[in-house]
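Overview (structure and organization)
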Amino acid sequence: MKLKPVLTIAGSDSSGGAGIQADLKTMLANGVFGMSAVTALTAQNTRGVTDILEASPEFLKAEIDAVFTDIPPAAVKVGMVASVPLIRTIAACLREYRAEHVVVDPVMVATSGARLIAEDAVEALTEELFPLAEIITPNLPELEVLAGYEIKTADKAVEAAKAISEKYGCAVLAKGGHAIGNADDYLVWDGGVRVFRGEHIDTKNTHGTGCTLSSAIASNLAKGAELSGAVEKAKAYVTGAIAAGLELGHGNGPLAHGFDLTGTYIDV
Ligand SMILES: Nc1ncnc2c1ncn2[C@@H]1O[C@H](COP(=O)(O)OP(=O)(O)OP(=O)(O)O)[C@@H](O)[C@H]1O
Ligand SMILES: Cc1ncc(CO)c(N)n1
């Protein structure tokens, strides 16, 4: 059989709900072969992050080289990258291998509130990685950091997304998970806008929603979907994974990534 290979370059979440673990589960559930280059280990659970151990730039490069020289991915998702040298390493590798369908989730803060990127690394992220991306997927607080101003309305979010899209030549999906009352996401690309309406599900269990969405987009792009269709399917997948109502942990719990894998679930 054949499966499209997809690479995630991101951090590990020991509690399995976000980061590399969410990415690989999402890729399995979305019909692609998931591979991973780990940028950092986080000691993390549904309540917060207690420690972070970064990979060295040399080791991260070795991981990415090992993947690209054997199983070149059909799409790449980039998640948590905490520091400037790691960002530079990833950008150099993506350029060297002419990586296709790059999805960048500009991870800055975990759902639990923990900071996951050094302050001086935000500029490296925008200047080095955004120009290589087909699409970036900021949540509202991340969009505010990138735009440099407060965003209180959908119009402002679209305005900010347009400016970023033009500046870096990538599509921008402004995610609405942090908005009140709805979960509408706005895709801006080539000057156009498409809204993906989402019903806000009343739950605290949203740990890893962003990782899940960006990995699902990368999976769909790898399978040949065009951008807007890739986002539409990914949004439906993340909504289903939240709506399944998994209850784990004492804080912001994870999603049920396998909610749609018929025959594999036994309720316990
Ligand atoms: N309570 C919710 N109900 C429905 N959809 C949601 C909810 N929370 C988030 N989403 C959706 O999940 C996706 C991810 O958005 P979100 O803004 O939560 O990302 P994020 O903050 O980067 O996630 P995280 O940091 O937890 O990984 C978006 O499509 C968003 O609309
Ligand atoms: C490792 C990791 N990456 C990303 C996020 C953002 O959800 C997180 N909480 N942990």
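Below is a summary of the structure that appears in this document. Computed from a predicted model, the values in this text were never measured in an experiment.

**Concerning the sheet that holds strand S7 (residues 171-174)**
Read across the sheet, nine strands follow the order S3-S2-S1-S4-S5-S6-S7-S8-S9 without closing on themselves; strand pairing throughout is mixed. Each of the sheet's edge strands pairs with one partner strand only, and the pair in question is strand S3 (49-54) and strand S9 (192-196). Looking at chain direction, strand S4 (residues 75-78) and strand S5 (residues 102-104) are connected through three bridges and run parallel. Within S5, the position partnered with lysine 77 by the bridge is valine 103. Set on the sheet, helix H2 (residues 57-68) makes contact with strand S1 (5-13), strand S2 (33-44) and S4; between it and S2 the angle comes to about 165°.

**What to know about unusual backbone geometry**
The phi angle at arginine 98 is positive, at roughly 50°, despite the residue not being glycine. By the secondary structure assignment, arginine 98 is in the loop between helix H3 (84-96) and S5. Judged by relative accessible area, which is 72%, arginine 98 ranks as exposed. Here the phi dihedral of histidine 101 falls at roughly 45°; this positive angle occurs in a residue that is not glycine. Mapping histidine 101 onto the fold places it in the loop between H3 and S5.

**Some words on the site of ligand 2**
Around ligand 2 sit Gly11, Ser12, Ala18, Gly19, Gln44, Met80, Val107, Ala110, Leu116, His207 and Cys211, and that is every residue in its neighbourhood. Separating a nitrogen atom of ligand 2 from a side-chain N or O atom of glutamine 44 is a distance of 2.8 Å. In the complex, 94% of the free accessible area of ligand 2, which totals 290 Å², lies under the protein chains. Given that more than half its atoms are within 2 Å of the pocket grid, ligand 2 belongs to the largest pocket. When its residues are assigned to classes, the shell around ligand 2 shows six nonpolar, five polar and no charged.

**Here we look at the site of ligand 1**
Within the structure, ligand 1 sits among 18 residues, and Thr111, Asn139, Lys175, His178 and Asp185 are positioned closest to it. Asparagine 139 is positioned with one of its side-chain polar atoms (N or O) 2.8 Å from an oxygen atom of ligand 1. With respect to ligand 1, the backbone of glycine 208 contributes an N or O atom lying 3.3 Å from an oxygen atom. With respect to the detected pockets, ligand 1 is housed in the largest pocket. Residues of the shell around ligand 1, tallied by class, amount to five nonpolar, nine polar and four charged.

**Examining helix H5 (residues 140-147)**
Buried within H5 are the following residues: Leu140, Glu142, Leu143 and Leu146. Burial along H5 is one-sided: seen end-on, the buried residues are contained in an arc of 155°. Of the surrounding secondary structure, the elements contacted by the buried residues of H5 are helix H4 (121-129), helix H6 (154-168) and S7. Directly beyond the C-terminal end of H5, a positive phi value near 85° is found at glycine 148.

**Thoughts on the packing of aromatic side chains**
Taken as a whole, this structure holds three aromatic pairs when the rule is applied. Both rings, one in phenylalanine 130 and one in tyrosine 168, keep their centres 5.4 Å apart while their planes meet at 90°; by these two values the pair is edge-to-face. Here tyrosine 168 lies in helix H6 and phenylalanine 130 lies in the loop between H4 and strand S6 (135-136), a separation of 38 residues in the sequence. Take phenylalanine 130: its relative accessible area is 0%, and that puts it in the buried class. Note on tyrosine 168: relative accessible area 12%, which makes it buried. Taking NZ or CZ as reference, lysine 156 lies 5.3 Å from the ring centre of tyrosine 149, over its face.

**Concerning the pattern of salt bridges**
Per the stated rule, a full pass over the model turns up 10 salt bridges. Close ionic contact of glutamate 128 with arginine 95 constitutes a salt bridge, the shortest N to O distance being 3.9 Å. Here glutamate 128 is found in helix H4, whereas its partner arginine 95 is found in helix H3, with 33 residues between them in sequence. Put simply, glutamate 159 and lysine 156 hold a salt bridge, and the shortest N to O gap is 3.6 Å. Of this pair, glutamate 159 and lysine 156 both sit in helix H6, three residues apart, which is roughly one turn of the helix. On the basis of relative accessibility, which here comes to 40%, the residue glutamate 159 falls in the partly exposed class.

**Examining the side chain of serine 214**
With respect to the secondary-structure elements, serine 214 resides in helix H7 (residues 209-222). In this structure serine 214 comes out as buried when scored by relative accessible area, which is 0%. Here serine 214 is in contact with Lys77, Val103, Asp105 and Thr137, once residues within four sequence places are set aside.

Reading the values: rules and limits
- Residues numbered from 1 in each chain as written.
- Chains lettered and ligands numbered in written order.
- Predicted model: local features only at pLDDT ≥ 70, side-chain atom pairs only at ≥ 80, totals over all residues.
- Heavy atoms only, no water.
- Pairing = 2+ DSSP bridges.
- Helix = DSSP H or I, 4+ residues; strand = E, 2+ residues; numbered from the N terminus.
- Contact = heavy atoms within 4.5 Å.
- Axes fitted to C-alpha atoms, helices over the stretch in contact; angles between N-to-C directions.
- Buried < 20%, exposed > 50% of the residue type's maximum accessible area, 1.4 Å probe, protein only.
- Near = heavy atom within 4 Å.
- Polar contact = N/O pair within 3.5 Å; in protein donor to acceptor, adjacent residues only side chain to side chain.
- Areas by Shrake-Rupley, 256 points an atom, 1.4 Å probe, with all protein chains shown as cover.
- 1 Å grid on protein atoms, 1.4 Å probe; cavity = no way out; pocket = protein on both sides within 12 Å on 5 of 7 lines; lining within 4 Å.
- Sits in = over half its atoms within 2 Å of the grid points.
- Nonpolar A, V, L, I, M, F, W, Y, C, P; charged D, E, K, R; others polar.
- Arc of directions from axis to C-beta.
- Phe/Tyr/Trp six-rings, centres within 6.5 Å; stacked < 30°, edge-to-face > 60°.
- Lys NZ or Arg CZ within 6 Å of the ring centre and 35° of its normal.
- Salt bridge = Lys/Arg side-chain N within 4 Å of Asp/Glu carboxyl O.

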